[in-house]
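Here are the chains, one letter per residue:
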Amino acid sequence: MPKKIAVVTGTRAEYGLLWGVLQEIDAHPDLRLQLIVSAAHLSAKHGMTIHQIKQDGFAIAAEVPLLDDNDDGDDDLAVARAVSRGVAGFAEAYADLKPDVVLVLGDRYEILAAAQAALLLHIPLAHIHGGEVTEGAMDEAIRHAISKMAALHFAAAEPYRQRLIHMGELPERVFTVGAPGLDVIKRLDLLDLGALQRDLQIALTSPLFLVTYHPVTWGDASGKESVEALFAALEGVKEATVIWTGANADAEGGRINAAVAEWTARTPLKVKFVTSLGSLRYLSLMAVCDAVVGNSSSGIIEAPALGVATVNIGPRQQGRLRAPSIIDCAEDVDSISKALETALSAKHRALCRTRPSVYGQGDTAQAIVRILAQTDFAALHNKPFYDWPVNSGCGGS
């Protein structure tokens, strides 16, 4: 009898990271994929990306709506309401599907809802990308909370595995597998420049910047001043072409997207604002651009592996492992401008070409699925706390 693996996806970015894992589960003779689609995938304002999932050929086992397009997660109360709807919706889906394990990735609020529902229904939870630190986002607290609910962990790097063990997770249930986003790079047949230009209907001339700016969900900042500083810094590169992808469905995301749409209409730069590019177009653009700009985790994980510079703005990704191709800067015009100048320099371009990834070699999906196939999920219902030996001398990160 195949083991039933329920996988939850709520955003375009997370689905892109999970794509290779979904393929491997779907193809494995001893596993049965139960794909649960939720949140922004079911929102018209965020591109109804469920259509992309269907086009990719995956059968959808359940849909769990969280967002109201009239109240789509653009303030803290709306996010809290979405989580409450999610806990109920995921619980109903799990009760119907009866999975052996629920597999989730990351640290967003819809994943918190999915994890809570699994915990309350006594279904083992497996978590990808635990043990990481992002000090500038509420995701930091959500990620660690999910880790404490999970019984099986797939860490993207060894220091993250060590941190999970320090948090009390059993070492034999914590695996260093790398980042699944690198698998996607290896698996996709990326589009060339000509195909991208025809698809986006814009000439992609250099310097080409791929920009994504998400809300910084810790603290009181709305992101408006930071985005305005980014607009001004980009306009300082007079010949720039900018492809800007939409912010996620966090609080203030809608306001940021509205500001970008308004700027796109008035800036003298050549700009294309796209709500969702999908994995193929996004990674294809990343491969040909001069720099990935903003505060997305893709600039930290995928861009270095593609040999592309990253201008990482502000604190949202603070605490993650860094490749030397990443240029961190503050959220003001002068700092962003200097970072863009560095990214375009011949010296930094040469550094980027070494592709200095710190998140594995692109074989994560196979490792995850191999472990899932070998795991006795019934044994995961009991989750002892692991006390790290006081005199171990091990310095986890």
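Scroll up to find the structure.
All of the points below concern the structure found in this document. (Residues numbered from 1 in each chain as written. Predicted model: local features only at pLDDT ≥ 70, side-chain atom pairs only at ≥ 80, totals over all residues. Heavy atoms only, no water.)

## Concerning the nonpolar core
Grouped together as the largest cluster of nonpolar side chains are 71 residues, with contacts concentrated most on Ile5, Val7, Ile25, Leu103, Phe154, Ile243 and Leu372. Discounting chain neighbours no more than four positions away, the residues touching Leu103 are Ile5, Ala6, Val7, Val8, Val21, Ile25, Ala126, Ile128, Phe154 and Leu372. Counting 34 residues, the second largest nonpolar core, distinct from the first, contains Val64, Val79, Ala91 and Leu112. (Core = buried A, V, L, I, M, F, W, Y, C linked by side-chain atoms within 4.5 Å. Buried < 20%, exposed > 50% of the residue type's maximum accessible area, 1.4 Å probe, protein only. Contact = heavy atoms within 4.5 Å.)

## A look at helix H3 (residues 76-97)
With 22 residues, H3 extends 31 Å from end C-alpha to end C-alpha; this agrees with the ideal 32 Å at 1.5 Å per step. Burial in H3 covers these residues: Ala78, Val79, Ala82, Val83, Gly86, Val87, Phe90, Ala91, Ala93, Tyr94 and Leu97. Where H3 is buried, its residues meet strand E1 (3-9), strand E2 (31-38), strand E3 (60-64), strand E4 (101-105) and helix H4 (109-120). (Helix = DSSP H or I, 4+ residues; strand = E, 2+ residues; numbered from the N terminus. Expected span 1.5 Å × (residues − 1).)

## What to know about the sheet that holds strand E13 (residues 326-329)
Taken in spatial order, the 6 strands make up an open sheet running E10-E9-E8-E11-E12-E13, and their pairing is parallel. Here the strands that pair on one side only, and so sit at the sheet edges, are strand E10 (270-274) and E13. Across the sheet, the axes of successive neighbouring strands diverge by a mean angle of 20°, strand direction being ignored. As judged from the 4 bridges shared by strand E12 (residues 309-313) and E13, these two strands associate in the parallel manner. By the bridge assignment for E13, Val311 is matched with Ile327. With respect to the sheet, helix H10 (residues 253-266) is in contact with strand E9 (241-245) and E10, its orientation differing from that of E10 by roughly 150°. (Pairing = 2+ DSSP bridges. Axes fitted to C-alpha atoms, helices over the stretch in contact; angles between N-to-C directions.)

## Some remarks on helix H12 (residues 298-305)
With 8 of 8 residues buried, H12 is to be regarded as a mostly interior element. Residues of H12 that are buried include every one of Ser298, Gly299, Ile300, Ile301, Glu302, Ala303, Pro304 and Ala305, and no others. Buried residues along H12 sit against helix H1 (12-27), helix H7 (180-187), helix H11 (278-288), strand E11 (291-294), E12 and E13. Trailing H12 by a residue or two, Gly307 shows a phi angle of about 75°, which is positive.

## Examining the pairing of E1
Of all 7 residues in E1, 6 are buried, a share of seventy percent or more. Sheet topology places E1 next to E2; 7 bridges connect them, and they run parallel. Across the sheet, Ala6 pairs through a bridge with Gln34, a residue of E2. What joins E1 to E2 is H1, and the crossover it makes is right-handed. (Right-handed = clockwise from strand over helix to strand, strands pointing away.)

## Points about the environment of Arg12
Looking at the secondary structure, you find Arg12 in helix H1. On the basis of relative accessibility, which here comes to 23%, the residue Arg12 falls in the partly exposed class. Among all residues touching Arg12, those that are not within four sequence positions of it are His41, Thr49, Thr212, His214, Thr245, Gly246, Ala247, Thr275 and Ser276. Of the polar contacts made by the side chain of Arg12, one reaches the backbone oxygen of Gly246; its length is 2.6 Å. (Polar contact = N/O pair within 3.5 Å; in protein donor to acceptor, adjacent residues only side chain to side chain.)

## A word on the packing of aromatic side chains
Evaluated as defined, the whole model comprises 7 aromatic pairs. Ring plane angle 5° and centroid distance 4.6 Å describe the contact between Phe231 and Trp263, whose orientation is recorded as stacked. One end of the pair, Phe231, is in helix H9 (residues 224-235); the other, Trp263, is in helix H10, and 32 residues separate them in sequence. In this structure an aromatic cluster arises from ring pairing among Phe231, Trp244 and Trp263. (Phe/Tyr/Trp six-rings, centres within 6.5 Å; stacked < 30°, edge-to-face > 60°.)

## Details of the pattern of salt bridges
Scanning all chains against the criterion turns up 15 salt bridges. For Glu24, the salt bridge goes to Arg187, with nearest N and O atoms at 2.7 Å. In this pair, Glu24 sits in helix H1 while Arg187 sits in helix H7, placing the two residues 163 residues apart along the sequence. With relative accessibility at 24%, the residue Glu24 sits in the partly exposed group. Of the residues examined, Arg187 reaches a relative accessible area of 27% and is grouped as partly exposed. Across the pair Glu228 and Arg266 runs a salt bridge, and its minimum N-O distance is 4.0 Å. In this pair, Glu228 is assigned in helix H9 and Arg266 in helix H10, connecting sequence segments 38 residues apart. Among the residues examined, Glu228 registers a relative accessible area of 31% and is labelled partly exposed. On the basis of relative accessible area, Arg266 is assigned to the partly exposed category, the value being 44%. (Salt bridge = Lys/Arg side-chain N within 4 Å of Asp/Glu carboxyl O.)

## Considerations on the sheet that holds E1
The sheet built from 7 strands is open, its strands ordered E3-E2-E1-E4-E5-E6-E7 with parallel pairing. Among the strands making up the open sheet, the edge pair consists of E3 and strand E7 (174-176). Taken pair by pair, the neighbouring strands of this sheet meet at an average axis angle of 20°, ignoring direction.

## Some details on the side chain of His46
Within the fold, His46 resides in the loop between E2 and helix H2 (50-55). Accessibility expressed as a relative area gives 10% for His46, which makes it buried. A distance of 3.1 Å separates a polar atom in the side chain of His46 from a polar atom in the side chain of Ser43.

## Brief notes about unusual backbone geometry
For the peptide bond that leads from Ser206 to Pro207, omega is 0°, which places it in the cis range. As for its placement among the helices and strands, Pro207 is situated in the loop between helix H8 (193-200) and strand E8 (208-212). We note that His122 has phi near 60°; this positive angle belongs to a residue other than glycine. Secondary-structure assignment places His122 in the loop between H4 and strand E5 (125-128). Overall, His122 belongs to the exposed group, its relative accessible area being 62%. With a phi angle near 50°, Arg355 is a residue other than glycine that sits in the positive phi range. Relative to the assigned elements, Arg355 resides in the loop between helix H14 (346-352) and helix H15 (364-374). According to the relative accessible area criterion, Arg355 is partly exposed, its value standing at 48%.

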